[in-house]
Amino acid sequence: MDQYSTQYDASIGGHIDVPDGENTFQYAEKRLPELASLISTIKNPTKSKLIFQTMPNHMRRRTAAQNPKRLPVRFRQGHISQMKKSGMPTKKKRPSRKYRRRPSNLRKEYARRQMKVSWMETHIWHAKRFHMVKKWGYKIPWAPCDKSYRACYRATAKHCLIQDISYLNCVEIRGKMDELSPQLKRLCNPSELSFTAKCYISGQREGTLDIFKHDKYPLGAIGNVRFFWKPPGQEELSRLWIFIHPSFHNIFISELEDLFHLKRITEMDVDEEKTVDEQSLTVYKCPGSSVEVQELRPKLNRFRLTGPLSNAVLSRALKCKQNPEIESQNFSPEAHEIQMKYWNEISEISSPAELPSNIILSLTVEDPRINRPQKRTKALPEALPLTSAALKIPPQINISPIWDQELRKNLPERMMNTGKYNERRKKEALAPGERCSFEDKLQALPLLLIQRPGLRDSSKPLGFCSGWDVIVPAGYGIVTWVSLIMWGARAGGWRETISTHREMGRDVFAPDTMVSQKEEDTEAEELRAKYFRRPSKKRPNYTKLSITSPFQCPWKQLVKEWSEDSSESFYVLRDRKILDQCEKALKNQQSVESIALTNAALIPVYIRLISRGNPGNFSILALPHPEDLKKKHSGQNGILHSEPVVKDSNSKIRKILRLKHTRFLKKQRRMRIRLKKKHQEKSTERVKLPRKKSPLVLQECCKFKEKMEELWLPKNPLRIKDQCSRTVIGYVTQSDFIFTDSTVSAIGYVTWNGFRELVGKCKKSKQATVLVRGTKTRHYRGGSISIRRQ
């Protein structure tokens, strides 16, 4: 015993004296409670489970123990703490390809990708949720990835639909009114209001005009533009903002250069490391005049809100700042107080259609991130009645600091980054959703709100497609966009623009504009290529159907065949007085012979189909025969006439040509085999000839393809007017089910001489009827026709 006790002696560092022996009875007495506790635990086990074991069966996965992100957020932290006690599993290696292909400088990579195609500020947001398409030099959203066609219509009719139309290029024209007025009038219809009308000069309303090549009206249509003037102030020069579609931007600029004799003085500074917003602008000046033109296309964002709840969405997302920090020469706190008071009066109305049409309201608001809800919330108005004072436009309602170029340049530089904003909120916010002290110091944001009245037609819902357009300075686009989305606005794309125009009975582009002709040619080439990619047995034979142009509306040839002269020029009738006279002529209230119109005119019409079925785009509009009208008057709403099947005279020619081409390919194959055998005899190794076709074979294949396509569907048909048993007077540009009509309706155009014959044949009937036939059917169906105002 003495031998072992020395190990705990103080001489070797110990300070506890170990007894030489132990009382076994006392030791056993102290261990008894521990043994009793252990036995009770074994006999009565507890029903404790790990967190991932408490999940429902459909969420209980073996991998849940390995990956905490598969659990709901509220259970992740507890699950991680439990796994740490038992030893956390090793983290899996990140996917190498994904992280290897990530650019080192994301901002530079985005700038490189915008060298050929421009992006809008909301591009990243849309690219994650929308199908994107390339159009007019921009990457724009086409349609949402989810099934939302009907949902977008419901948002337009009852809720709020938001669209980013920042691809509209803004051009600022500055100069004296005496120099601007006579030249700008040369671009407009002389019988209607122009840029310098009295209702637009004050800057309180936005105008919409169809512009033409100077002194070419009614020919030479360019497109439709929206514009408004800066409110008159102490400046000598007037300023005009024109929003132009990018498809005819260059054409419009060239027209301005010819009118004002402008010269470009600032080139676009292109730098790979700079985004489009950071690049300099293009400026044009007239040497001996005060006129100056400046392109502002990367400096402004424009969002379009459509629907009755658009007013409520804006009132929740935009809160006026009581003490505006932005002051300029033409902006004072008094103007801000007037604007804020007016906005408070109209912010709770049920629909923006109740307001004066096209008014421009300037607001200075807080940073939109401050009033953003935590969850997506549907903004609802209180539906207060509109007071008589709100119908009167206050004098300083449209004065805005957004016209200041230096202010627009400094706003993005002084803006707090979203990442820093979120970090400060995490540190300073006492509770989620509570306002922080630093948010009161964020800079104010100037905006312009432009009201759109919607439809005023009695045949459609009153105020349909009314809403607001919001103009936001560069840098605040995505911030404002997300705030509007969080307050219940549903996002739409270019498909929704087409559908809303169709619901309103309008075309996006008139067929006489240069934009429409380019779009039609591009679409026709795509549809033609798609048609010939199909096997011959799977594609309709348009020769037998008597359809000469199934993928395009040949307006030039149709107008030429209906007119007496040989000119191929045509134009769309836009004069409202003459359109009203044509409407009266359809209703037998006026003689059609009393209407003075040239043969080159196309009359815009709206067709409601009597029977079921959708004829589709590029359908033909034909004159009815007396027997067709008898069937219609007798109550037959189905098929009024069936086109007889025409024999395809080119079928034998195609068979002979196909046989010749097959023989040629077989001959080339035999020659190739002989050549291979000849080389094989001289070589000890296996000979392999290249599989590429020879130039002779490629040339022959191209000729064969062109001949076959021409025999199937000629590009230049001989006759358009008399292509079938009924005389063609026009074409349908858009045809689909219209929700506002609860039926299939179509938008189209007819020639002036064809319209006159139609009125003459339908004199005895109460409602004028036109025959409609799709490109893939032989059946003609009746449709009631009315005049459509562009």
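Each value, and the rule that gives it
Residues numbered from 1 in each chain as written. Predicted model: local features only at pLDDT ≥ 70, side-chain atom pairs only at ≥ 80, totals over all residues. Heavy atoms only, no water. Pairing = 2+ DSSP bridges. Helix = DSSP H or I, 4+ residues; strand = E, 2+ residues; numbered from the N terminus. Contact = heavy atoms within 4.5 Å. Axes fitted to C-alpha atoms, helices over the stretch in contact; angles between N-to-C directions. Patch = residues over 30% accessible without salt bridge, like charges linked within 9 Å, V, L, I, M, F, W, Y side chains within 5 Å. Areas by Shrake-Rupley, 256 points an atom, 1.4 Å probe, with all protein chains shown as cover. Salt bridge = Lys/Arg side-chain N within 4 Å of Asp/Glu carboxyl O. Lys, Arg positive; Asp, Glu negative; His and termini not counted. Charge placed at Lys NZ, Arg CZ, Asp CG, Glu CD. Buried < 20%, exposed > 50% of the residue type's maximum accessible area, 1.4 Å probe, protein only.

Asks: So, the sheet that holds strand β3 (residues 161-164): which residues are in play, and what are the values?
Replies: If you walk across this open sheet you meet the 6 strands as β12-β13-β14-β11-β3-β15, and the pairing is mixed. Here the strands that pair on one side only, and so sit at the sheet edges, are β12 (360-365) and β15 (490-491). In terms of strand pairing, strand β13 (residues 445-452) meets strand β14 (residues 467-473) through 5 bridges, oriented antiparallel. If you follow R452 over to β14, its bridge partner there is G467. Of the strands in this sheet, β11 (300-306), β13 and β14 touch helix α11 (residues 310-317), which is tilted by about 35° from β14. Of the strands in this sheet, β12, β13 and β14 are in contact with helix α12 (residues 333-346), which crosses β12 at around 105°.

Asks: Run through a negative patch on the surface, naming residues and quoting values.
Replies: Among the surface-exposed residues, D521, E523, E525 and E526 lie close enough to one another that they form a single negatively charged patch. Inspection of the secondary structure assignment puts D521 in helix α18 (residues 514-533). A relative accessible area of 39% places D521 in the partly exposed class.

Asks: Account for the environment of P615, with residues named and values stated.
Replies: Along the chain, the position of P615 falls in the loop between β17 (601-609) and β18 (620-622). Taking the C-alpha atoms as reference, P615 lies 25 Å from G493; in sequence the two are 122 residues apart. Look past the residues within four positions of P615 in its chain and what remains in contact with it is L609, S735, V744, V772, G774 and T775.

Asks: Describe the pairing of strand β4 (residues 169-175), with residues and values.
Replies: In terms of residue burial, β4 counts as a mostly covered element, since 6 of its 7 residues are buried. In this sheet, strand β7 (residues 238-244) lies alongside β4 in antiparallel orientation, the contact comprising 7 bridges. Along β7, the bridge assignment pairs G175 with S238.

Asks: How would you explain the pattern of salt bridges if you had to name every residue and give the values?
Replies: Any two side chains of opposite charge can pair if their charged atoms end up close together. The tally for this structure, following the rule as stated, stands at 34 salt bridges. Here R574 and D210 are joined by a salt bridge, their closest N and O atoms 3.5 Å apart. Here R574 is found in the loop between β16 (571-572) and α21 (576-586), whereas its partner D210 is found in strand β5 (residues 207-212), with 364 residues between them in sequence. Judged by relative accessible area, R574 falls into the buried class, the value being 11%. Note that R495 is salt-bridged to E496, the shortest N-O span being 2.9 Å.

Asks: Give a description of the side chain of E643 that names residues and reports values.
Replies: The residue E643 is located in the loop between β19 (639-642) and α23 (651-682) in this model. For the buried residue E643, which engages in no salt bridge, the nearest side chain bearing the opposite charge is R773, 4.4 Å off. Not counting residues up to four positions away in its chain, the partners in contact with E643 are L545, S546, C724, S725, R773, R778 and Y780.

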